[in-house]
Amino acid sequence: MAQRSIQELYADDPERADALAWGRRGALKGASLAAMGVAVGGAIPFGGNMAPGTMPALFARPAAAQGAAPRMMTLPGKVEMLLQGERPLVLEAAETDLDDAVTPYRRFFVRNNGQTPEPAAGDPNAWRMRFEGEVNTPLTLTLGELRYRFENVTRVLQMECGGNGRSFFAPQTRGNQWGNGAIGCAQYTGVRLRDVLRAAGIRDTARFTGHHGADPHLSGDANREAISRGMRIAKAMDEDTLIVWAMNGEPLPHIHGGPVRLLVPGWPGSLSAKWFNRMQLRANPHDGAGMGGTSYRIPARPIVPGSNNNGTDFVEQESMLVRSILSSHAHGARLPAGTRALDLRGAAWAGDLSVRAQHVSVDFGQTWQEMQLAAPANRHAWQRWQGRVALPADGYYEVWYRATDSEGRMQPHAAANWNPQGYNANPINRIAVLVG
Ligand SMILES: Nc1nc2c(c(=O)[nH]1)N[C@H]1C(S)=C(S)[C@@H](COP(=O)(O)O)O[C@H]1N2
Ligand SMILES: [Mo]
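Residues numbered from 1 in each chain as written. Chains lettered and ligands numbered in written order. Predicted model: local features only at pLDDT ≥ 70, side-chain atom pairs only at ≥ 80, totals over all residues. Heavy atoms only, no water.

Draft legend 1. The arrangement of the site of ligand 1 in detail. Of all residues adjacent to ligand 1, which total 19 residues, the nearest are Phe109, Asn113, Asp215, His256 and Lys274. Between ligand 1 and Asn113, the relevant distance is 2.7 Å, taken from an oxygen atom to a main-chain nitrogen or oxygen of the residue. Residue Lys274 places a side-chain N or O atom 2.5 Å away from an oxygen atom belonging to ligand 1. Alone, ligand 1 offers 540 Å² of accessible surface; in the complex the protein occludes 100% of this. (Near = heavy atom within 4 Å. Polar contact = N/O pair within 3.5 Å; in protein donor to acceptor, adjacent residues only side chain to side chain. Areas by Shrake-Rupley, 256 points an atom, 1.4 Å probe, with all protein chains shown as cover.)

Draft legend 2. Focus on the nonpolar core. Grouped together as the largest cluster of nonpolar side chains are 31 residues, with contacts concentrated most on Met129, Phe131, Leu146, Val196 and Ile243. Elements with a minimum of two residues in this core: strand E5 (128-133), strand E6 (139-142), helix H6 (143-149), helix H7 (193-199), helix H8 (233-236), strand E10 (242-247) and strand E13 (276-282). Not counting chain neighbours up to four residues away, the residues in contact with Leu146 comprise Met129, Leu141, Val191, Val196, Ile243 and Trp245. If you look at the next biggest cluster of nonpolar residues, it comprises 21 residues, including Val322, Ala348, Val360 and Val362. (Core = buried A, V, L, I, M, F, W, Y, C linked by side-chain atoms within 4.5 Å. Buried < 20%, exposed > 50% of the residue type's maximum accessible area, 1.4 Å probe, protein only. Helix = DSSP H or I, 4+ residues; strand = E, 2+ residues; numbered from the N terminus. Contact = heavy atoms within 4.5 Å.)

Draft legend 3. A look at the domain arrangement of the protein chain. Partitioning the protein chain into domains gives domain 1 (6-55), domain 2 (90-316) and domain 3 (323-435). With centres defined by C-alpha atoms, the gap from domain 2 to domain 3 works out at 27 Å. Tallying the contact residues gives 48 residues for domain 2 and 34 residues for domain 3. Between domain 2 and domain 3, roughly 3400 Å² of surface is buried when both sides are summed, and carbon and sulfur atoms account for 51% of that area. Counting across the interface, domain 2 meets domain 3 through 7 salt bridges. As a salt-bridge pair, Asp240 and Arg379 come within 3.5 Å of each other at their nearest N and O atoms. Remark: the boundary between domain 2 and domain 3 carries 28 residue pairs in polar contact (both at pLDDT 80 or more). Elements with a minimum of two residues in the side of domain 2 that touches domain 3: strand E7 (152-160), strand E8 (183-192) and strand E14 (297-299). (Domains from an automatic or database assignment. Buried area = accessible area lost by both parts, 1.4 Å probe. Salt bridge = Lys/Arg side-chain N within 4 Å of Asp/Glu carboxyl O.)

Draft legend 4. Expanded view of the sheet that holds strand E18 (residues 341-349). What the 4 strands build is an open sheet, ordered E16-E18-E22-E21; its pairing is antiparallel. Whereas interior strands pair on both sides, the edge strands pair on one side only; in this sheet they are strand E16 (323-326) and strand E21 (372-373). With 4 bridges connecting them, E16 and E18 associate as antiparallel partners. Residue pairing across strands places Ile325 opposite Ala347, the latter belonging to E18. (Pairing = 2+ DSSP bridges.)

Draft legend 5. Layout of the sheet that holds strand E17 (residues 333-335). The strand order E17-E24-E23-E19-E20 describes an open sheet built from 5 strands, whose pairing is mixed. Across the chains shown, the open sheet's two edge strands, defined by having one partner strand only, are E17 and strand E20 (369-370). Relative to strand E24 (residues 429-435), strand E23 (residues 395-405) is paired through 7 bridges, and the arrangement is antiparallel. Bridged to Tyr397 within E24 is Val433.

Draft legend 6. Just the packing of aromatic side chains, in detail. All chains considered together, the criterion is met by 8 aromatic pairs. Note on Phe46 and Tyr397: the rings are 6.2 Å apart at their centroids and 65° apart in plane angle, and the pair reads as edge-to-face. Of the two residues, Phe46 sits in the loop between helix H3 (30-40) and helix H4 (57-60) while Tyr397 sits in strand E23, which places them 351 residues apart along the sequence. According to the relative accessible area criterion, Phe46 is partly exposed, its value standing at 23%. Seen in terms of ring centroids, Phe364 and Trp400 are 6.2 Å apart; in terms of plane orientation they differ by 90°. Their pairing is edge-to-face. (Phe/Tyr/Trp six-rings, centres within 6.5 Å; stacked < 30°, edge-to-face > 60°.)

Draft legend 7. Region of the structure containing the side chain of Asn426. The residue Asn426 is located in the loop between E23 and E24 in this model. In this structure, Asn426 is in contact with Leu321, Val322, Arg323, Gln411 and Pro412, ignoring residues within four places of it in sequence.

Draft legend 8. Seen up close, the state of the cysteines. Enumeration over the complete set of coordinates arrives at 0 disulfides. Its sulfur unpaired, Cys185 is 16 Å from the next cysteine sulfur, which belongs to Cys161. For Cys185, a relative accessible area of 0% translates into the label buried. (Disulfide = S-S within 2.5 Å.)

Shown next as structure tokens:
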């Protein structure tokens, strides 16, 4: 087999390339290892550890995360971001964009489901929000009243799209093919939702919420909502579930829901209604756009990947699963010959839980080195990690990174519990690094 062809094959027909490289016995050695080395662009110091059938990360990363001619877009004041979709507007942050402890506006991902509404004219403090349904005193509050009547709190909170990591599912599922960049952890200022609900005299019968925002449906049909999600009342009463008007000390930017949005940390981002203007308190689960069926719902028991399922025996996606990112090095990074150590950095988070440990392997999973993991700024903030790994020689490496949550659950080797709309894909990720 010509050396060039394996590389082409990995691009065109990864399974066949894998079979050719690994053979049936599944040991990469001799001529195959050499050919693989040529394909990845350097010797593979730990090549003997490569598990049978493991496609090199260089070829295996999904296109959305890989940077193979991705479409990019630069919004005013933001860095260039991966354009997942134009209508509705969806922008992903590269993992290397997420290198700050607190994510700045300019690197924060964008996920719209409908049209971006026209910015409201006039005083933002005149923006109105209504709280109604299972409450004794339905309330209509302006943003000005909200700020004045309730205790103001400032917290660092992670907000992650429910579909973050979707591109790691095989077979592919429908929806934006996110890598790991549909996450941000900014500092927000607002009031606790529970303070407002108590002021409205929330009833015992209020067991669920329904959230509404001012963005028009893509079709322009005024009777349809772009998205309208809801949650169990316990999450609404969590001290970290906020109604926010400021992000990183600035007025909440329009594209992120300004002048006011919900911020429901650790649960699917879709609950964090932007351009927030109405909440229903309900006895029964909300039935808005994005509720029921297979929307933000996952199988209670694993189903056959790729199978049709209308959501029977599914449960709500609630707390997001443990995930980590590597922000110090980009996939495909080239380092000077003679580099013998990597100083790695990243972040890890786990929905409502915290992260107990972060590990990295540079020898295809044979050994894992524990990284230093910082405490979160507060509950529901992500945790930064860092550490140095040694490299024995020049060549091709893969950096595998894996977090473990406070209940001992680790990121799995492959995206698990396949579901039709691709939620909760949190596999161990790996990037390729070439030294020399
Ligand atoms: N009104 C409204 N709120 C919304 C959305 C939307 O389309 N409209 N998208 C949701 C989804 S799916 C996510 S992941 C987050 C994204 O927030 P961001 O654009 O500020 O990153 O907002 C949520 N809130
Ligand atoms: Mo989302």
